[in-house]
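Inside the fold
Given next are the chains, with one letter for each unit.
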Protein chains: 2
Amino acid sequence: GSELLAAERKKSSIDVGQLSEFLFTEEKLQRRNEILDILKSEKVFDKSQNYFAGRMDRFETALARAKKLQNVRVENKWNEDDMYIATELISEPGPYGLHEGMFLVTLRDQGTPEQHKLFLDKAVKYEIIGCYAQTELGHGSNVRGLETTATWNAEDKTFVIHSPHLTASKWWIGSLGKTANYAVVMAQLIIKGKGYGPHPFVVQVRDLKTHEPLENVHVGDIGPKFGYNTMDNGFLLFNKVKIPHVNMLAKFSHVDPNTGKYSRPISPSLIYGTLTWIRSNIVLSAGQVLARGVTIAVRYCAVRRQFADRDAPDSETSETPVLNYTMVQIRLLTLLASTFALHFTGNGMMKLYRANQKMMNEKGAGREKDSKRGAGPEETHAGSDLLADLHATSCGLKSLASSTAAEGLEVCRRACGGHGYSSFSGVGSYYADYLPTTTWEGDNYMLTQQVARYLLKSARSVLKGDKPTNDTTTILTNFKNRAEMGAAFDILGSDEDLVAAFAWRAAFLTFEALKHRDEQKKAWNDLLVDFYRLSKAHSQFIVVKNFHDALTDSTTTQSLNSDTVALMHKLFRLNALHTLETESSEFYASGAATVRQIQLARTTAIMKLLEEIRPHAVRLVDAWAFSDWQMDSSLGREDGNVYEDMFYRASELNPLNKITIDPYPGSEVLFKGQRSKL
Amino acid sequence: GSELLAAERKKSSIDVGQLSEFLFTEEKLQRRNEILDILKSEKVFDKSQNYFAGRMDRFETALARAKKLQNVRVENKWNEDDMYIATELISEPGPYGLHEGMFLVTLRDQGTPEQHKLFLDKAVKYEIIGCYAQTELGHGSNVRGLETTATWNAEDKTFVIHSPHLTASKWWIGSLGKTANYAVVMAQLIIKGKGYGPHPFVVQVRDLKTHEPLENVHVGDIGPKFGYNTMDNGFLLFNKVKIPHVNMLAKFSHVDPNTGKYSRPISPSLIYGTLTWIRSNIVLSAGQVLARGVTIAVRYCAVRRQFADRDAPDSETSETPVLNYTMVQIRLLTLLASTFALHFTGNGMMKLYRANQKMMNEKGAGREKDSKRGAGPEETHAGSDLLADLHATSCGLKSLASSTAAEGLEVCRRACGGHGYSSFSGVGSYYADYLPTTTWEGDNYMLTQQVARYLLKSARSVLKGDKPTNDTTTILTNFKNRAEMGAAFDILGSDEDLVAAFAWRAAFLTFEALKHRDEQKKAWNDLLVDFYRLSKAHSQFIVVKNFHDALTDSTTTQSLNSDTVALMHKLFRLNALHTLETESSEFYASGAATVRQIQLARTTAIMKLLEEIRPHAVRLVDAWAFSDWQMDSSLGREDGNVYEDMFYRASELNPLNKITIDPYPGSEVLFKGQRSKL
Ligand SMILES: Cc1cc2nc3c(=O)[nH]c(=O)nc-3n(C[C@H](O)[C@H](O)[C@H](O)COP(=O)(O)OP(=O)(O)OC[C@H]3O[C@@H](n4cnc5c(N)ncnc54)[C@H](O)[C@@H]3O)c2cc1C
Ligand SMILES: Cc1cc2nc3c(=O)[nH]c(=O)nc-3n(C[C@H](O)[C@H](O)[C@H](O)COP(=O)(O)OP(=O)(O)OC[C@H]3O[C@@H](n4cnc5c(N)ncnc54)[C@H](O)[C@@H]3O)c2cc1C
């Protein structure tokens, strides 16, 4: 395979190093190499048995790795960025994951200075180890339905944490199963018989010395999962456990210990900011997640040869790399285009987010209270119109991006034929670990209701004649002004028109949905499917727009040579036209494109783009700069030695090959020379 | 949860027993219960540790089960149908799988009476255990590209089996990794330096006593996979291994031991018959595979409650089962409709297959030889026009049905939100085990080329003016005759028109593809994407047609009471309209439906059908009659005790909860009180 990949790389003159630096910055790439060297030098990070081990062994190894990583971090004085890089390289969830990712963050963001001293300082030093316990066996999405209670006890100034039913058991809580001795517990605050909704409480759950569960705490691991098995997701039941007043995180909400009076003085728009930030991060990393699968599949399909070309003369006997088949290209090269589209979109979102944060900090953000409860755990807030737009957009994009990445990984796996099914492909387990991203931080289906709600609101304001204040109201206003005369976009000839066609379709669907809801008074529930489509349309518009903006941005044109920019432009068009073609019925129905245009896109424009991008496929995935160590994939090896590596792992590393069985049904011996475990 | 499911069952008066018997026959259902009782009584079949065990333990257990199953079979004199039922109930691939599924069958079908005596008789008694070794590390789909050679040696009348390169290593061979001592090896037959293509050879690979590999044989397990880990897929390399003349399976092809002359006297259309039979079986079982996921998801979503209805008055506080959300329904109820559609289609195919076999046996089938090699491992043969149609249709349907089932299972898993990700959902591992069905017996993408090739051929014959001889040429002829005047189908009002719209679209795409290939002389490779769509369109037509035929069939109307038939009719319409809506652009483009019709289908007809089917959802999945033991799912339990079961498994069965860890990074202890394996 190595000559084949070398030949692929010769066919294209794209400057891989330059493109990598553009995607990641030179500094980060170099830092990553340094960190990689350190990790490789520690035996505990050796990956060679990862695919073979069962859950117990994998968890034990993951724990050892987590500990070592902490020690290495302290030794080398790694900052957060460094830790992020290291975690990416190790590429498996670990038992300290939620301590780092949620416990520390929640204490920091929602704790008072006193609480920082009491909890955060110890947590930072790993003297206490925590998790974030919100979801319960019976409730996830609907946070207001949580059943765990925290009842204020005026006499001794404590809260009593209690799980009234089995379904109140905390469930899915990362790092809780075996590792944490503390938890931030979301519980219904009750004062004098009155409920104030879910609030965060710091609760100790295990003894700091023996690590055994405290009295009246039932805690443990929830068992094996489709993936994520190196993490100890846990359950947690309380039988009237008392905690002191100071254990209620009080930066935003507060119970006066003397009067029992509840107050909520500070606006939680910061929290919504955090959610937006997390979601924007999911969008950004979705590009990279997908890129890993695409790297593996593209390299392997350039090495894998199967059949001679059907139209080739009979004398031509050598086989074709399967990447030459258009049916493979339409699967992989469109996903390759998606990786860049998601990357630019994530970047765009982060930029907007930071700009908005800055503005808010300057203004001292105000916030209105929504009276009506939303479909998901969070609400859209009017706040600044930019924030509202950003929030809604981040919901829609989180949904679109994580679904695209998750489903794309499986497309990559399947494109590898039989070998894609081997663990050594490196796709399967990675896919399985990524999958929950479609469910957490807002289930991808449910989030679309929030997007729709925001778009309906915006459309109403446009109909009222309000001036546009952001991108969304601008495209809605444009549509409204031109709806009567209709559209005529040159989607095949003009990039701007292509973007405009996406805007048009999204606006069309918004007003359609509004008609259903406001004029025809359809029930909310009857419109969920329409809302889902609407959110997707809106989000696809944002993606196409962000990719287009990135192409014309001066950072891009200055950082990349013109060949690479031209190739990026092709990837932009492939992404946009393929999306348009896949969703064509909405483009017809809205008048954003004609049947003839779509047919031309499908039969001519897209096929031509595939052909033009094909020679650069391997170099393009090279630019994503995954190290072999990180991917741990036989099929995706940078040097193309696919078969040698598959064989080596199977024949040499595979523990099953160390035993001999007795194959006959008549004999009770199973593994020869070993006592059976059965 | 149990009251909720009981309430669901009360809402509908569908006769579950009657529908089950219609799907499976009363006899089979009863037989299944008997077999289930026997299996349950044997400790080795206990499933409670399945989700926890690692690969070594799972394989060991699977081996023990395979042995026990053989013994139970002999004891109880089970026939093949019984064994099939038992295997379905156990629901995991086992190490004798390929011995039963391919070794015996190949010996039987391709061996001479002498070879039956020599190999088959022993194999039946498990004195030898075999597998089917075709795929190699370097070649799967392209069987003609296999590299293993079998060179005829006239001197001592032997064949020398040899693997010239690493890529010639047999790979993926089920039951070979640890279990088999024999293999049917597909190897390139070479006589006097001339190649005759791949042929089957019986080769011993392990010692019958010690079970160690024979000299010059390198054999072992290929390592862990995304699923299928209870099976020992293996690799196999030969270093010039001699086998006697009699070891070449000689029913179809034969080498004269005295002259070395090669002959191939008998038509292999039987083999193509077998392939068609296997594929029809995949279609039939796809309905059932999907039904298992749908059963789990529908039951769980009827128990799972999250949020109150948004439009409900504020006083209404109780939460809604998520199955009431239309966004859940559009995912699950459409799949529920698919389960029946696939079931009827599989039945229809089998019927056609048997009719055709009978006819062939009566006629003594003739067969023409194709001169041009096809894209896949097999060729379409003119043979009888019915057989050709059946063969092509089975390729397209295998592709459509297994993709629908595989992807549908993941939709079901995700519909269960966070809990879908737990192993206890029962969906994940089942999905992972099913996935290879999309790749084997013809990769789903590649098979579509065969369908297209057949359709192009048929269209050419129609253009020449040949009389229609089967369904396909009939719809093509209809289209050709009416193409000028166009179509006007009442897809919303008439079932016949709905089916006709599917036929019209498929015919339209066929002639489009023909134009591209024959008039515009486009390269085959440039048309693969069109072919894929064409095959899908053709197959969807067959599915819709089969479902429609089943509804009007007298067996159906006589076996089911009128309520159930009416409900089936709704499921038919839901399946057809939802497919039409999903693929709407082709329906517009072909003129089979108008934009307005599709919009009405989407916004009105489909939503109404969802509403009408919703109350019967639980009873409909009940009719699929899965036993809890088979599904091994907390979420899909017949009694709805979802949370109790989740909790029990996590808290009581989970071995990780038997250990205590040391959580601090400063300590090297991992699992307390145990010697670390690291
Ligand atoms: C690997 C993993 C790790 C996790 N880690 C943590 C953790 O550390 N801490 C923590 O607190 N939680 C954690 N979670 C829980 C996670 O946040 C929830 O699973 C997630 O929020 C989804 O909620 P749910 O499971 O209740 O889904 P549900 O809401 O029950 O969803 C079930 C189905 O109902 C549908 N549905 C629900 N409501 C509506 C509606 N209003 N309209 C339409 N459809 C609807 C959904 O689309 C879905 O199909 C984790 C989960 C996983 C899988
Ligand atoms: C779990 C499992 C069990 C198996 N058991 C056995 C067994 O017991 N015995 C046995 O002999 N084999 C077995 N196999 C092998 C299986 O039959 C092959 O993997 C399968 O036939 C696919 O072939 P491949 O892996 O070579 O895929 P490839 O042909 O290499 O496919 C790679 C990619 O190229 C594409 N492609 C290939 N050719 C073309 C073309 N002409 N046009 C367009 N696209 C193309 C495919 O669509 C795919 O995306 C098993 C496989 C698995 C996963």
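Up top is the structure.
Remember, it's a predicted structure, so these values are computed and weren't measured experimentally.

For chain A, the helix and strand inventory stands at 22 helices and eleven strands. Against the compact-globule benchmark of 26 Å for 678 residues, chain A has a radius of gyration of 27 Å, which places it among compact chains. Projecting the C-alpha coordinates of chain A onto the three principal axes gives extents of approximately 90 × 80 × 55 Å. Within chain A, residue pairs in contact and separated by at least 24 positions form 74% of the contacts whose partners lie at least 6 positions apart. Summed over its atoms, the accessible surface of chain A is roughly 25700 Å², and 52% of this surface lies on carbon and sulfur atoms. Each charge class in chain A can be summarised by its mean position, and for the 80 positive and 80 negative side chains these summaries are 5 Å apart.

Now for the site of ligand 2. Neighbouring ligand 2 are 32 residues, the closest being Arg304 and Ala415 of chain A together with Thr135, Ser141 and Asp443 of chain B. Mapping the residues adjacent to ligand 2 onto the chains of the assembly identifies chains A and B. At 3.0 Å, a backbone N or O of Gln134 of chain B approaches an oxygen atom of ligand 2. Taking Ser141 of chain B, its side chain carries an N or O atom lying 2.4 Å from an oxygen atom of ligand 2. The set of elements that each furnish at least two residues to the shell around ligand 2 consists of helix H9 (326-363) and helix H10 (385-415) of chain A together with strand E4 (170-173) and helix H12 (444-463) of chain B. The dominant element in the shell around ligand 2, judged by the number of residues it contributes, is H12 of chain B, at three residues. For the shell around ligand 2, the class distribution of residues is 17 nonpolar, eleven polar and four charged.

Turning next to the relation of the copies chain A and chain B. Rotating chain A by 180° about the axis while translating it 0.0 Å along that axis superimposes it on chain B, leaving an RMSD of 0.1 Å. Here the transformation between the copies is reduced to the relation of a two-fold axis. Ranked by how close their C-alpha atoms come to the rotation axis, the residues of chain A are headed by Gly54 of chain A, at 1.9 Å. In this assembly, 100% of the residues forming the interface of chain A have copies in chain B that are likewise at the interface, indicating an isologous arrangement.

Tallying the contact residues gives 140 residues for chain A and 141 residues for chain B. With both sides pooled, the region where chain A packs onto chain B buries about 12300 Å², and carbon together with sulfur makes up 59% of that total. Area buried by chain A at its contact with chain B is led by Arg310, Arg414 and Tyr421 of chain A, which between them contribute 8% of it. The interface formed by chain A and chain B holds six salt bridges in total.

Turning to the nonpolar core, a few remarks are in order. Within the largest apolar cluster, 304 residues are counted, with the highest numbers of intra-cluster contacts made by Phe340 of chain A together with Phe340 of chain B. For Phe340 of chain A, the residues in contact, after removing those within four places along its chain, are Leu19, Leu23, Phe547, Met568, Leu571, Leu620 and Trp624 of chain A.

Under the defined criterion, the tally for this structure stands at 74 salt bridges over all chains. For the salt bridge of Arg573 of chain A with Asp495 of chain A, the shortest nitrogen-to-oxygen distance reads 2.6 Å. Of this pair, Arg573 of chain A sits in helix H17 (residues 562-582) while Asp495 of chain A is found in helix H14 (residues 495-519), placing the two residues 78 residues apart along the sequence. Owing to a relative accessible area of 15%, Asp495 of chain A belongs among the buried residues under this scheme. Among the salt bridges present, the one from Glu42 of chain B reaches Lys68 of chain B, with a minimum N-O distance of 3.5 Å. Remark: Lys68 of chain B occurs in helix H4 (residues 55-76) and Glu42 of chain B occurs in the loop between helix H3 (26-41) and H4; sequence separation between them is 26 residues. According to the relative accessible area criterion, Glu42 of chain B is partly exposed, its value standing at 21%. Judged by relative accessible area, Lys68 of chain B falls into the partly exposed class, the value being 29%. Put simply, Arg505, Arg533, Lys536, Glu583 and Glu586 of chain A together with Glu581 and Arg602 of chain B are held in one network by salt bridges that share partners.

A surface patch of negative charge is lined by Asp15, Glu21, Glu26, Glu27, Glu80 and Asp81 of chain A. The topology assignment puts Glu80 of chain A in helix H5 (residues 80-90).

Another aspect to go through is the site of ligand 1. The environment of ligand 1 is formed by 31 residues, the closest being Thr135, Ser141 and Asp443 of chain A together with Arg304 and Ala415 of chain B. The local environment of ligand 1 is shared, drawing residues from chains A and B. One of the backbone nitrogen or oxygen atoms of Gly174 of chain A is found 3.0 Å away from an oxygen atom of ligand 1. Here an oxygen atom of ligand 1 and a side-chain polar atom of Gln306 of chain B are 2.8 Å apart. Listing elements by their share of the shell around ligand 1, those giving two or more residues are strand E4 (170-173) and helix H12 (444-463) of chain A together with helix H9 (326-363) and helix H10 (385-415) of chain B. Ranked by the residues each element gives to the shell around ligand 1, the list is headed by H12 of chain A, at three residues. Residue composition of the shell around ligand 1, by class: 16 nonpolar, eleven polar and four charged.

Moving on: the sheet that holds E4 of chain A. If you trace the three strands from one edge of the open sheet to the other, you get E4-E8-E7 (chain A), paired in antiparallel fashion. The sheet is open, and its two edges are formed by E4 and strand E7 (217-221) of chain A, each paired on a single side. Averaged over all pairs of adjacent strands, the angle between their axes in this sheet comes to 15°, without regard to strand direction. Bridge count between E7 of chain A and strand E8 (residues 234-238) of chain A: five bridges; the pairing is antiparallel. From the neighbouring strand, Gly220 of chain A faces E8 of chain A, where its bridge partner is Phe235 of chain A. This element, helix H22 (residues 642-653) of chain B, spans E4, E7 and E8 of chain A of the sheet and lies at about 105° to E8 of chain A.

All names here are of chain A. Looking at where Cys395 falls in the secondary structure, it is placed in helix H10. By relative accessible area, which is 0% here, Cys395 ends up buried. The sequence separation of Cys395 and Gly17 amounts to 378 residues, and the corresponding C-alpha distance is 34 Å. Apart from residues lying up to four places away in sequence, Cys395 is in contact with Arg279, Leu447, Gln450 and Val451.

What follows is about the sheet that holds E4 of chain B. Sheet strands line up and pair through hydrogen bonds in the backbone, either parallel or antiparallel. Residues and elements named next belong to chain B. The antiparallel open sheet is built from three strands, whose spatial order is E4-E8-E7. Looking along the sheet, the strands with just one partner apiece sit at the ends: E4 and strand E7 (217-221). Sheet twist, expressed as the average angle between the axes of neighbouring strands with direction ignored, equals 15°. The sheet contact formed by E4 and strand E8 (residues 234-238) spans two bridges and is antiparallel. Paired with Ile173 across the two strands is Gly234, which belongs to E8.

What counts, and at which threshold
Residues numbered from 1 in each chain as written. Chains lettered and ligands numbered in written order. Predicted model: local features only at pLDDT ≥ 70, side-chain atom pairs only at ≥ 80, totals over all residues. Heavy atoms only, no water. Helix = DSSP H or I, 4+ residues; strand = E, 2+ residues; numbered from the N terminus. Rg over C-alpha atoms; globule rule 2.2 N^0.38 Å. Contact = heavy atoms within 4.5 Å. Areas by Shrake-Rupley, 256 points an atom, 1.4 Å probe, with all protein chains shown as cover. Lys, Arg positive; Asp, Glu negative; His and termini not counted. Charge placed at Lys NZ, Arg CZ, Asp CG, Glu CD. Near = heavy atom within 4 Å. Polar contact = N/O pair within 3.5 Å; in protein donor to acceptor, adjacent residues only side chain to side chain. Nonpolar A, V, L, I, M, F, W, Y, C, P; charged D, E, K, R; others polar. Least-squares fit on C-alpha atoms with pLDDT ≥ 70 in both. Buried area = accessible area lost by both parts, 1.4 Å probe. Salt bridge = Lys/Arg side-chain N within 4 Å of Asp/Glu carboxyl O. Core = buried A, V, L, I, M, F, W, Y, C linked by side-chain atoms within 4.5 Å. Buried < 20%, exposed > 50% of the residue type's maximum accessible area, 1.4 Å probe, protein only. Patch = residues over 30% accessible without salt bridge, like charges linked within 9 Å, V, L, I, M, F, W, Y side chains within 5 Å. Pairing = 2+ DSSP bridges. Axes fitted to C-alpha atoms, helices over the stretch in contact; angles between N-to-C directions.

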